[in-house]
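Reading the structure
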Amino acid sequence: MRRISVFGSTGSIGCNTLDLVDRAAGEYRVVALTGGRNVALLAEQALRLRAEVAVTAHEDCLDELRGLLAGSDVEAAAGTGAIAEAARRPVDWAMSAIVGAAGLPPGIAVLEQGATLALANKESLVTAGPLVLATAKAHGGTLLPVDSEHSAVFQALVGEDISAVERIIITASGGAFRDWPLEKLAGATLAEASCHPNWAMGQRITIDSASLFNKALELIETKEYFGIAPERIEALVHPESMIHAMVGFNDGALMAHVGPPDMRHAIGFALHWPERRALPVERLDFAKLGQFTFRAPDEARYPALRLAREVMAAGGLSGAVFNGAKERALDGFIAGEIGFLDMAAVVEEVLTKLSADSLINADISLDTVAATDHLARVEAERAIRARV
Ligand code: NAD
Ligand code: MG
């Protein structure tokens with residue numbers, strides 16, 4: 001039986017992962033499930049799948065979790081330390097689906113076991129790409145991308161030589177505001193930014209899709225995971241979200257990965273890899289779909305993409321600066337402290353302020369990434385305060 005853990009099991013990716021696990025529950029022994037404040041769902045998942053331990057990120061939720069698990073064999077635990085402990089419990093496969101920089105340490109702990117890490121948490125590669133890859137290599141761990149675009153690229157590269165790759169194109173739906181006039185964007189509300197035209201996802205990535213910060217993170221993720229030069233990586237707006245990525249080779253051929261916008265495909269691919277197994281996703285009818293459309297992303301509308309290019313060029317810890325500032329700016333937008341367009345302005349201000357060589361070129365370790373993340377949030381907070 002394969003031992004598996006799911007970090008962030010109560011989120012959108014986590015629930016989709018457990019949907020696939022449920023369909024063949026006899027094949028898996030569930031070690032750890034972790035969540036946040038939704039302890040009712042966490043407890044229900046842990047009881048259903050007979051997990052060894054259920055962990056909430058919040059200590060003040062522990063009593064409630066204990067109560068819900070009373071009388072069962074499932075252990076209850078809480079806090080960041082408990083998530084770290086859960087990540088050290090031996091597994092064969094784990095899903096990294098916590099949102100934000102908090103997803104990095106448990107993923108590193110899984111790779112240190114030499115296990116397979118299915119990585120939905122793109123922030124791990126953005127903040128600490130070289131550390132994640134080096135940890136996998138040093139301990140014989142396997143890192144599989146779960147972000148739909150990166151899973152698509154990975155699949156297009158099966159049997160190919162990366163040195164024959166000329167370019168990688170990752171597509172973007174364009175998010176909630178792709179058809180809005182530029183002058184209206186400043187007034188975009190939280191409710192408007194929280195509706196994705198094609199994908200059902202957590203609120204944070206949905207808003208990041210509207211601002212194209214999600215695509216910005218994914219450009220960096222592509223560079224880090226595949227080791228491709230930034231100028232060979234393109235983002236392309238494709239409103240139908242059916243082509244997830246295209247890989248262009250030196251003979252001019254393009255391999256496109258096409259499928260419905262359902263994360264269970266990328267999750268299932270990583271769950272069953274290196275096999276392919278039947279998955280419960282819709283089969284596309286091209287005659288019915290009729291046409292696919294494309295347009296270049298408008299960088300005036302989406303400064304996040306330009307900032308991602310600066311981060312890719314700078315390397316080092318600039319990804320941790322970018323992500324930390326973005327997370328704090330996003331909190332600010334969600335809390336109503338700043339407007340939609342202020343998010344990119346705040347991130348740009350922080351990147352400019354924290355661009356010293358000594359900071360960017362420090363060693364990438366869990367400690368330096370955490371310290372940089374903290375500094376970026378403090379600077380973003382200051383930039384937000386200056387605006388309100
Ligand atoms: P979500 O908000 O739906 O779920 C996040 C999960 O992380 C929840 O279980 C939550 O309790 C937990 N969590 C949140 N903050 C935490 C913290 N500080 N410490 C510990 N646990 C915490 O998010 P999601 O949409 O499932 O996305 C998860 C990750 O996958 C993100 O990194 C996102 O960018 C990436 N991703 C998501 C999708 C998607 O379709 N949802 C697609 C590609 C990549
Ligand atoms: Mg994606």
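Details of the structure are given in the entry above.
In short, a report on the structure. (Residues numbered from 1 in each chain as written. Chains lettered and ligands numbered in written order. Predicted model: local features only at pLDDT ≥ 70, side-chain atom pairs only at ≥ 80, totals over all residues. Heavy atoms only, no water.)

Let's talk about the packing of aromatic side chains
Going through the model one piece at a time under the given rule, you end up with 9 aromatic pairs. Arranged with centres 5.7 Å apart and planes meeting at 70°, the rings of F333 and F340 form a pair that is edge-to-face. Among the aromatic residues, those joined into a cluster by ring pairs are F154, Y225, F226, F269 and W273. (Phe/Tyr/Trp six-rings, centres within 6.5 Å; stacked < 30°, edge-to-face > 60°.)

Describing a negative patch on the surface
A surface patch of negative charge is lined by E160, D161, E166 and D251. Position of D251 among the secondary structure elements: in the loop between β10 (243–249) and β11 (254–258). (Patch = residues over 30% accessible without salt bridge, like charges linked within 9 Å, V, L, I, M, F, W, Y side chains within 5 Å. Areas by Shrake-Rupley, 256 points an atom, 1.4 Å probe, with all protein chains shown as cover. Salt bridge = Lys/Arg side-chain N within 4 Å of Asp/Glu carboxyl O. Lys, Arg positive; Asp, Glu negative; His and termini not counted. Charge placed at Lys NZ, Arg CZ, Asp CG, Glu CD. Helix = DSSP H or I, 4+ residues; strand = E, 2+ residues; numbered from the N terminus.)

Notes on the pairing of strand β8 (residues 165–172)
Judged by how many residues are buried, β8 sits mostly within the fold: 6 of 8 residues are covered. In this structure, β8 lies alongside β10, joined through 5 bridges in antiparallel fashion. From the neighbouring strand, R167 faces β10, where its bridge partner is G248. In this sheet, strand β9 (residues 233–237) lies alongside β8 in parallel orientation, the contact comprising 5 bridges. Pairing of I169 across the sheet is with E234, part of β9. (Buried < 20%, exposed > 50% of the residue type's maximum accessible area, 1.4 Å probe, protein only. Pairing = 2+ DSSP bridges.)

Digging into the site of ligand 1
Taken together, the neighbourhood of ligand 1 is formed by 23 residues, with T10, S12, I13, G36 and E123 sitting nearest. G202 has a polar backbone atom sitting 2.9 Å from an oxygen atom of ligand 1. If ligand 1 stood free it would expose 830 Å²; the protein chains cover 83% of that surface. Among the secondary structure elements, those contributing two or more residues to the shell around ligand 1 are α1 (12–22) and α6 (122–139). The class makeup of the residues in the shell around ligand 1 is 11 nonpolar, 9 polar and 3 charged. The residue makeup of the shell around ligand 1 includes at least three contributed by each of domain 1 (2–145) and domain 2 (148–260 + 283–305). (Near = heavy atom within 4 Å. Polar contact = N/O pair within 3.5 Å; in protein donor to acceptor, adjacent residues only side chain to side chain. Nonpolar A, V, L, I, M, F, W, Y, C, P; charged D, E, K, R; others polar. Domains from an automatic or database assignment.)

Details of unusual backbone geometry
Cis peptide bonds are those with omega within 30 degrees of zero, and the linkage from W273 to P274 qualifies with 5°. Within the secondary structure, P274 is located in the loop between α12 (264–272) and α13 (286–289). In this model, L212 sits at a positive phi of 65°, which is unusual for a non-glycine residue. Along the chain, the position of L212 falls in the loop between α10 (203–211) and α11 (213–226). A positive phi angle, close to 50°, is found at S241, a residue other than glycine.

Overview of the coordination of the magnesium ion (ligand 2)
The protein atoms that coordinate the magnesium ion (ligand 2) are D147 (OD), E149 (OE) and E218 (OE), at distances of 2.1 to 2.2 Å. Between consecutive donors of the magnesium ion (ligand 2), the numbers of intervening residues give the motif D-x1-E-x68-E. Each of the two residues, D147 as well as E149, counts as buried. (Donors = N, O, S within 2.8 Å, 3.2 Å for Na, K, Ca; no water.)

Quick look at the pairing of strand β3 (residues 53–56)
Neither face of β3 is exposed, since V53 and V55 on one face and A54 and T56 on the opposite face are all buried. Strand direction decides the pairing type here: strand β2 (residues 28–35) and β3, joined by 4 bridges, are parallel. When the bridges of β3 are listed, G35 appears paired with T56. Handedness of the β-α-β unit built from β2, helix α2 (residues 39–48) and β3 comes out right-handed. With 4 bridges joining them, β3 and strand β4 (residues 75–78) adopt parallel strand pairing. Bridge assignment links V53 to a residue of β4, and that residue is E75. (Right-handed = clockwise from strand over helix to strand, strands pointing away.)

Some thoughts on the sheet that holds β11
Reading across the sheet, the 4 strands line up as β9-β8-β10-β11 and stay open at both edges, with mixed pairing between neighbours. Sheet topology places β9 and β11 at the edges, where each strand pairs with a single neighbour. Ignoring strand direction, the axes of neighbouring strands in this sheet form an average angle of 20°. Where β10 and β11 come together, 5 bridges link them in antiparallel fashion. Counted as the bridge partner of M246 is A256 from β11. Seen against the sheet, helix α7 (residues 148–156) touches β8, β10 and β11 and runs at an angle of roughly 40° to β10. (Axes fitted to C-alpha atoms, helices over the stretch in contact; angles between N-to-C directions. Contact = heavy atoms within 4.5 Å.)

A closer look at a nonpolar patch on the surface
Together, V258, F286 and L289 give the surface a local cluster of nonpolar side chains, amounting to about 240 Å² of exposed area. Within the secondary structure, V258 sits in strand β11. According to the relative accessible area criterion, V258 is partly exposed, its value standing at 34%.

With respect to the side chain of E221
On the secondary structure map, E221 appears in helix α11. One buried charged side chain, E221, makes no salt bridge at all; its nearest oppositely charged neighbour is K122, positioned 4.9 Å away. Among all residues touching E221, those that are not within four sequence positions of it are K122, L125, V126, D147 and H150.

Regarding the layout of surface pockets
Of the pockets and cavities examined, the second largest pocket occupies roughly 270 Å³. Lining the second largest pocket we find 23 residues, and of these H257, H265, R276, L279 and V281 sit closest to its centre. Residue assignment for the lining of the second largest pocket shows that the elements contributing at least two residues are α7, β11 and α12. Its residues assigned to classes, the lining of the second largest pocket shows 9 nonpolar, 8 polar and 6 charged. (1 Å grid on protein atoms, 1.4 Å probe; cavity = no way out; pocket = protein on both sides within 12 Å on 5 of 7 lines; lining within 4 Å. Points joined across faces, edges and corners; volume = space filled by probe spheres on them.)

Here we look at helix α5 (residues 104–112)
Taking burial as the measure, the 9 residues of α5 include 7 buried ones, the bulk of the element. Looking one or two residues past α5, G114 carries a phi angle of roughly 80°, positive in sign.

All we've got here are geometric facts, nothing functional implied.
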